[in-house]
Amino acid sequence: MKNIRSKKLDTQVAHAGTNPDKTYGAVAPPIYQTSTFKFSSAEQGAKRFSGEEPGFIYTRLGNPTTAALQEAVAILEKGTDALATASGMAAVSTIYMTFLDAGSHMIASEAIYGPSRVVVEKEFSRFGVEFDFVDTSDIEEVKNAIRPNTKLIFIETPANPTIKLTDIKVCADIAHSNGAVLAVDNTFMSPILQNPFDFDADIVLHSMTKYINGHTDVVGGILVFNDKNLMIRTRKVLFNLGGTIDPHQAWLVLRGLRTLSLRVYKAQANAQIIAEFLETHPKVEWVRYPGLKSHPHYELAKKQMHGFGSMISFEVKGGVEGGRTVMNNVELATLAVSLGGYETLIQHPASMTHSAMNKQDKIDAGITDGLVRISIGCEDVRDIQDDLENSLSKI
Ligand code: LCS
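The rules we used
- Residues numbered from 1 in each chain as written.
- Predicted model: local features only at pLDDT ≥ 70, side-chain atom pairs only at ≥ 80, totals over all residues.
- Heavy atoms only, no water.
- Helix = DSSP H or I, 4+ residues; strand = E, 2+ residues; numbered from the N terminus.
- Rg over C-alpha atoms; globule rule 2.2 N^0.38 Å.
- Buried < 20%, exposed > 50% of the residue type's maximum accessible area, 1.4 Å probe, protein only.
- Contact = heavy atoms within 4.5 Å.
- Polar contact = N/O pair within 3.5 Å; in protein donor to acceptor, adjacent residues only side chain to side chain.
- Core = buried A, V, L, I, M, F, W, Y, C linked by side-chain atoms within 4.5 Å.
- Domains from an automatic or database assignment.
- Near = heavy atom within 4 Å.
- Areas by Shrake-Rupley, 256 points an atom, 1.4 Å probe, with all protein chains shown as cover.
- Nonpolar A, V, L, I, M, F, W, Y, C, P; charged D, E, K, R; others polar.
- 1 Å grid on protein atoms, 1.4 Å probe; cavity = no way out; pocket = protein on both sides within 12 Å on 5 of 7 lines; lining within 4 Å.
- Points joined across faces, edges and corners; volume = space filled by probe spheres on them.
- Axes fitted to C-alpha atoms, helices over the stretch in contact; angles between N-to-C directions.
- Left-handed = near helix turned anticlockwise from the far one by under 90°.
- Buried area = accessible area lost by both parts, 1.4 Å probe.
- Salt bridge = Lys/Arg side-chain N within 4 Å of Asp/Glu carboxyl O.

1. Concerning the overall build of the protein chain
Link 1 in the chain: For the protein chain, the count of helices and strands is 15 helices and 12 strands.
Link 2 in the chain: Its C-alpha atoms give the protein chain a radius of gyration of 21 Å, near enough to 21 Å, the size a compact globule of 395 residues would have.
Link 3 in the chain: C-alpha atoms of the protein chain, sized along the principal axes, occupy 75 × 50 × 35 Å.
Link 4 in the chain: Per-residue burial for the protein chain yields a buried fraction of 56% across its 395 residues.

If you want it as structure tokens, here you go:
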């Protein structure tokens, strides 16, 4: 479609990345399931490698199906380019590998997806990378953590699993006035509900395993840029380290993406109802959902998000035991990690997604033993509510 960037969001979700004129009229982009591409001559092969001539070479370095997905997500995120990766963690580690050198320093949110933190503490530290995990929702903590060698600020907002928010624009300004780049993990919002480039972020990343694919059947990730030089720098690292996506995987994600806005709007409407239900429930200690006025960052949510999403954290009375009772008694909600699918999933971060973090760090980050995380799906909200009511009554 011509001028897709000027169209409204739902139109972009439906059409971005398709180009039937280039695919024998196929309306859905075909799966180019090939590892390599024929050159018409030795000269052409050399030109493709030197970059003199555009075109595909080898699937680790690019593939038409992958390119269609990258174009679609870049458009939705209001970026210029995107690089799809084999998983969300491949996207995260590619950013670390690109922007951190021995002796350089990174600042990140203390509550982020467990492995995004642990890979720095356990692996990148082996190569001399320095780091500080701070409460990035408190801007003073970010400012105080800055050092002359800070090269990367990495935030998740809302954060997994505390649902704390960080001011993207303020972090971008701090990063830029210190010569660092700001990367934002936008997985919890999807491109529908938050666009960090509007607030001067340099890199936006997603675990596409979550909302973008949305069908709980594919693992994938993506890095989005609005600066060619940053993209080219990152692309070199990604291609050589090899964390690129497979074309079949890319095609499935592109198929899932066509209903992204429908799913996101439905799940967030459900989540608002469930968050309000939990907040007044006598067995619930507290609820964190950006759409509740009780959320400490409710005003920031309204400023930088287009909606409140469908991730809720809550603590039930009775701490760990209470939480366990809820998780062992749900029937509709599935006890499983991951999030952002069409279905409701419930899990216990302290012993599951964030179990590799050390105990004190979990306490400091607010990942309490009683915290239960729920990813609200697209089911009828009355059934989700009945399920939670029933499991809470077992406490
Ligand atoms: N970033 C965020 C915010 C995530 O939640 C996850 C995975 C990743 C990155 C990594 O993506 P992956 O490699 O799994 O595609 N989060 C998970 C979670 O909370 N439960 O299971 C996986």
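2. Description of the environment of S137
Link 1 in the chain: Mapped onto the elements of the fold, S137 is located in the loop between β3 (130–134) and α6 (139–145).
Link 2 in the chain: Dropping the residues within four chain positions of it, S137 is found in contact with K164, L165, T166 and H297.
Link 3 in the chain: Within the structure, the side chain of S137 is placed 2.6 Å from the side chain of D135, a separation counted as a polar contact.

3. Here we look at the nonpolar core
Link 1 in the chain: L69, V73, M208, V224 and L260 are the most contacted members of the largest nonpolar core, which totals 38 residues.
Link 2 in the chain: For this core, the elements supplying multiple residues, two or more each, are α3 (64–76), β1 (81–85), α8 (190–193), β7 (221–225), α10 (247–257), α11 (260–279) and α12 (298–304).
Link 3 in the chain: Split by domain, this core shows at least three residues from each of two domains, domain 1 (4–257) and domain 2 (260–392).

4. A closer look at the site of the ligand
Link 1 in the chain: If you check the shell around the ligand, you find 17 residues, and the closest are M89, D185, S207, T209 and R373.
Link 2 in the chain: At 2.6 Å from an oxygen atom of the ligand is found a side-chain nitrogen or oxygen belonging to T209.
Link 3 in the chain: Between the ligand and K210 there is a distance of 3.4 Å, counted from a nitrogen atom to a side-chain nitrogen or oxygen.
Link 4 in the chain: Compared with its free state, where it exposes 480 Å², the ligand has 93% of that area covered by protein.
Link 5 in the chain: The residue inventory of the shell around the ligand, partitioned by class, reads 4 nonpolar, 9 polar and 4 charged.
Link 6 in the chain: Residue assignment places the shell around the ligand across two domains, with domain 1 (4–257) and domain 2 (260–392) each supplying three or more.

5. Overview of the layout of surface pockets
Link 1 in the chain: Within this model, the largest pocket holds a volume of roughly 690 Å³.
Link 2 in the chain: Around the largest pocket sit 29 residues that line it, and G55, L61, G62, R235 and F239 are the ones nearest its centre.
Link 3 in the chain: If you list the elements that add at least two residues to the lining of the largest pocket, you get α2 (42–50), α3, β1 and α9 (228–241).
Link 4 in the chain: Taken together, the residues of the lining of the largest pocket break down into 14 nonpolar, 9 polar and 6 charged.
Link 5 in the chain: The space that makes up the second largest pocket amounts to roughly 600 Å³.

6. Here's the deal with the packing of helix α4 (residues 88–99) against helix α5 (residues 114–122)
Link 1 in the chain: For the pair α4 and α5, the least separation of the axes is 10 Å and the interaxial angle reads 35°. Once α4 is placed against α5, the crossing between them reads as right-handed. Between α4 and α5, the residues in contact are M89, V92 and Y96 and P115, S116, V119 and V120, respectively.
Link 2 in the chain: Partitioned by chemical class, the residues of the contact of α4 with α5 number 6 nonpolar, 1 polar and no charged.

7. Here's the deal with empty space enclosed by the protein
Link 1 in the chain: For the coordinates displayed, the defined rule picks out 3 cavities of 30 Å³ or more.
Link 2 in the chain: A volume near 60 Å³ is recorded for the largest cavity.
Link 3 in the chain: Along the walls of the largest cavity sit S109, E110, A111, V134, D135, T136, S137, A159, T162, K164, T166 and A365, which together make up its complete lining.
Link 4 in the chain: In the lining of the largest cavity, the residues fall into 4 nonpolar, 5 polar and 3 charged.
Link 5 in the chain: By volume, the second largest cavity is sized at about 40 Å³.
Link 6 in the chain: Around the second largest cavity, the lining residues are T209, K210, G214, H215, T216, S338, L339, G340, G341, E343 and L345.

8. Observations regarding the domain arrangement of the protein chain
Link 1 in the chain: Once the domains are mapped, the protein chain shows domain 1 (4–257) and domain 2 (260–392).
Link 2 in the chain: Distance between the C-alpha centres of domain 1 and domain 2: 26 Å.
Link 3 in the chain: With 45 residues of domain 1 at the interface, the matching set in domain 2 holds 41 residues.
Link 4 in the chain: Buried surface at the junction of domain 1 and domain 2, summed over both partners, amounts to about 3400 Å²; 60% is from carbon and sulfur atoms.
Link 5 in the chain: Of all residues in domain 1, L165, L193 and Y211 give up the largest surface area on contact with domain 2, accounting jointly for 21% of the area buried on that side.
Link 6 in the chain: Counting every contact that joins domain 1 to domain 2 gives 2 salt bridges.
Link 7 in the chain: With its nearest N and O atoms 3.3 Å apart, the salt bridge here joins K303 to D167.
Link 8 in the chain: For the pair domain 1 and domain 2, the number of links is 22 residue pairs in polar contact (both at pLDDT 80 or more).
Link 9 in the chain: Of all the secondary structure elements, the ones that give two or more residues to the side of domain 1 that touches domain 2 are α1 (9–15), α5, α8 and α10.
Link 10 in the chain: Top element by residues in the side of domain 1 that touches domain 2 is α5. It accounts for 6 residues.
Link 11 in the chain: Here the side of domain 1 that touches domain 2 is built from residues that sort into 22 nonpolar, 15 polar and 8 charged.

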